[in-house]
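Given next are the chains, with one letter for each unit.
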Amino acid sequence: MFHAGKTLCVFLFLALIPGHICSTRIKYPTVLISILARNKAHTLPYFLSSLERLNYPKDRIALRIRSDHNIDNTVEILEKWIVSVQHQYHSINSEFVDSDSYSDEQGPNDWSRLRFENVISLRESALNYARRVWADYFLTLDCDVFLTNTNILHYLIAKNLTVVAPMLRSSGLYSNFWLGMTDEYYYLRTDDYKPVVNREKLGCFDTKMVHTCVLVDLRKIESDRLTYVPENIDEYDGPRDDIITFAIAANKSDIPLTVCNEEMFGFVMIPLEQDDTVAFDMLQLTNLKLEVLNVQEKLYVRDDLVEYTVVQGRSR
Ligand SMILES: *[C@@H]1O[C@H](CO)[C@@H](O)[C@H](O)[C@H]1NC(C)=O
Ligand SMILES: *[C@@H]1O[C@H](CO)[C@@H](O)[C@H](O)[C@H]1NC(C)=O
């Protein structure tokens, strides 16, 4: 039988019929990666360099990038990067809005009402865009994430979960998942949190919330019920917050929110408090780089992107 098949293949090849008839190969699933960037000039070179290094066929990845309300050169760096890689990706859809600040905010790190509304609407339109273009997977990825595990997409996809997040390490106990949540939807630290963050306990765990880097399998029918918009959920009683709304939507639809820490996947910056300065975030970036070295990982960065940050950086 084997010989007969081989002979047939050779015969077909000779007959100039494409050779791949002999061994059918399936294309990788398509992934739409949604990126929202605001005032991230100092982290973008690391973020973009790690994104670019992912071991996944770029012609199966579409990017959707939005940026607004910047007071640094976030947009300039994004534009430079897009030009340098756009021929590799399936497509890059970007939109940059030129405006400094929200009228109701107390500074660039304030989560004011208008800012929440904008982020809710940006996240929802990215999710709906992914559905509309028939992406198999939706990956929402924030710009303060540095992925060091280049096989992360293959790993997450192989989990075959509707919603899955890789556990990200910070320079403290902060990470991108909640194991506990109060009845009022506030964060609750539980006893099992630390062993998971410190990777003393390894595996995939059900959480109350995952955020910052989350993969959604849009081929699963129940994923249609996921949303970032409170109005889309019956009897919604939570705050107007994109990630809490997403968590409640998942819970009401019986969709587990899973975080996995079986491997080292990457790193995340600790979010800024309202009064923190960019200088403080630079310090945090240094701390995070030390943490990366500490756990024997490596951060890659494209020299031309870093140089660009320094030379073009507007001083404030
Ligand atoms: C993936 O999960 C779905 C259910 O959500 C199941 O029907 C399917 O068989 C699973 N696929 C694999 C390869 O395990
Ligand atoms: C939804 O939340 C309830 C209450 O916290 C919990 O018991 C249940 O397991 C959650 N459902 C899912 C799918 O996580």
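Residues numbered from 1 in each chain as written. Chains lettered and ligands numbered in written order. Predicted model: local features only at pLDDT ≥ 70, side-chain atom pairs only at ≥ 80, totals over all residues. Heavy atoms only, no water.

Selection criterion: UniProt positions are given in the numbering used here, feature names are shortened, and annotations may be inferred rather than shown by experiment.
Taken directly from UniProt, the Sequence similarities (unreviewed entry) text for the chain runs: "Belongs to the glycosyltransferase 25 family."

1. Regarding the pattern of salt bridges
Using the following cut-off: A carboxyl oxygen of Asp or Glu within 4 Å of a side-chain nitrogen of Lys or Arg is what we treat as a salt bridge. Counting from the N terminus, the helices are DSSP H or I runs at least four residues long and the strands are E runs at least two residues long. Only protein chains enter the accessibility calculation, which uses a 1.4 Å probe; a residue whose area is less than 20% of its type maximum is buried, one above 50% is exposed, and one in between is partly exposed.
Enumeration according to the criterion identifies 13 salt bridges in this entry. For arginine 302, the salt bridge identified is with glutamate 52, shortest N-O distance 3.1 Å. Of this pair, arginine 302 sits in the loop between helix H8 (278-294) and helix H9 (303-312) while glutamate 52 sits in helix H2 (residues 44-52), and the two are 250 residues apart along the sequence. Note on accessibility: arginine 302 and glutamate 52 belong to one class, buried. With a closest N to O distance of 3.8 Å, aspartate 217 and lysine 220 form a salt bridge.

2. Examining the site of ligand 2
To be explicit about the condition: For each residue, the test is whether any non-hydrogen atom lies within 4 Å of the molecule or strand; if one does, the residue is near. The definition of a polar contact used here is a pair of N or O atoms within 3.5 Å, where within protein one atom must be able to donate a hydrogen and the other to accept one, and adjacent residues in sequence count solely through side-chain atom pairs. Per-residue and other accessible areas were derived by the Shrake-Rupley procedure at a 1.4 Å probe size, with only the shown protein chains allowed to occlude residues.
In the vicinity of ligand 2, the residues found are Lys208, Asn251 and Asp254. Here lysine 208 contributes a side-chain N or O atom positioned 3.1 Å from an oxygen atom of ligand 2. Asparagine 251 is positioned such that a nitrogen or oxygen atom in its side chain is 2.2 Å from an oxygen atom of ligand 2. In isolation ligand 2 offers 360 Å² of accessible surface; the protein chains occlude 44% of this area.

3. So, the sheet that holds strand E5 (residues 145-147)
Note: strands within a sheet are paired through backbone hydrogen bonds, in either parallel or antiparallel orientation. For clarity, the cut-off: A pair of strands counts as paired when DSSP detects no fewer than two bridges linking them. It only takes one pair of heavy atoms within 4.5 Å for two residues to be counted as in contact. Simply put, an axis is a line fit to the C-alpha atoms, just over the touching stretch for a helix, and the angle between two N-to-C directions goes from 0 to 180 degrees.
With mixed pairing, three strands are arranged side by side in an open sheet as E5-E15-E7. Looking at strand neighbours, the two that pair on one side only are E5 and strand E7 (168-169), the edges of this open sheet. Against the sheet, H8 touches E5, E7 and strand E15 (266-268), its axis set at about 155° to E15.

4. Describing unusual backbone geometry
Notably, asparagine 160 is not glycine yet its phi reads approximately 55°, a positive angle. By the secondary structure assignment, asparagine 160 is in the loop between helix H5 (152-158) and strand E6 (163-166). What makes asparagine 160 partly exposed here is its relative accessible area of 46%. Phi is positive for arginine 199, close to 60°, though the residue is something other than glycine. A residue is classified by how much of its surface remains accessible, and arginine 199, at 24% relative accessible area, is partly exposed.

5. As for the environment of tyrosine 137
Considering the arrangement of structural elements, one finds tyrosine 137 in strand E4 (residues 137-142). Along the sequence, tyrosine 137 and valine 164 sit 27 residues apart, while their C-alpha atoms lie 11 Å from each other. Ignoring anything within four residues of it in the chain, the contact list for tyrosine 137 reads Pro29, Thr30, Val31, Leu32, Ile157, Leu215, Val216, Asp217, Leu218 and Arg219. At 2.8 Å, the side chain of tyrosine 137 forms a polar contact with the side chain of arginine 219.

6. A closer look at the nonpolar core
The test is simple: The definition of a nonpolar core used throughout is a set of buried Ala, Val, Leu, Ile, Met, Phe, Trp, Tyr and Cys residues joined through side-chain atoms within 4.5 Å.
Of all hydrophobic cores here, the largest spans 49 residues; its most connected members are Ile33, Phe47, Leu51, Leu63, Trp81, Leu141 and Phe146. In this structure leucine 63 touches Leu32, Ile33, Ile35, Trp81, Tyr89, Ser91, Ile92 and Asn93, once residues within four positions along its chain are discounted. Grouped together as the second largest cluster of nonpolar side chains are 38 residues, Leu32, Leu179, Val214 and Leu257 included.

7. Here we look at the pairing of strand E2 (residues 61-67)
To be explicit about the condition: Classification remark: right-handed applies to a crossover when, strands pointing away from the viewer, the course from the first strand over the helix to the second runs clockwise.
Burial runs high along E2: seven of the seven residues are buried. Burial of E2 is two-sided: the residues Ile61, Leu63, Ile65 and Ser67 facing one way and the residues Ala62, Arg64 and Arg66 facing the other way are all buried. Direction of pairing for strand E1 (residues 31-37) relative to E2: parallel, over a ladder of seven bridges. When the sheet's bridge partners are listed, leucine 32 is paired in E2 with alanine 62. Crossover connection from E1 via H2 to parallel E2: handedness right-handed. Where E2 and strand E3 (residues 91-96) come together, six bridges link them in parallel fashion. Following the sheet pairing, serine 67 is matched in E3 by phenylalanine 96. Handedness of the β-α-β unit built from E2, helix H3 (residues 74-85) and E3 comes out right-handed.

8. Comments concerning the packing of aromatic side chains
Applied cut-off: Each aromatic pair joins two rings of Phe, Tyr and Trp (for Trp, the six-membered one) with centres within 6.5 Å, and gets the label stacked for planes under 30 degrees apart, edge-to-face for over 60, and tilted for any other angle.
In the structure shown here, the tally under the stated rule is eight aromatic pairs. Ring geometry for tyrosine 46 versus phenylalanine 146: centroids 5.8 Å apart, planes at 55°, classification tilted. Here phenylalanine 146 lies in strand E5 and tyrosine 46 lies in helix H2, a separation of 100 residues in the sequence. Residue class for phenylalanine 146 comes out buried when judged on its relative accessible area of 0%. With 6.1 Å between their ring centres and 55° between their planes, tryptophan 81 and tyrosine 89 make a pair best called tilted.

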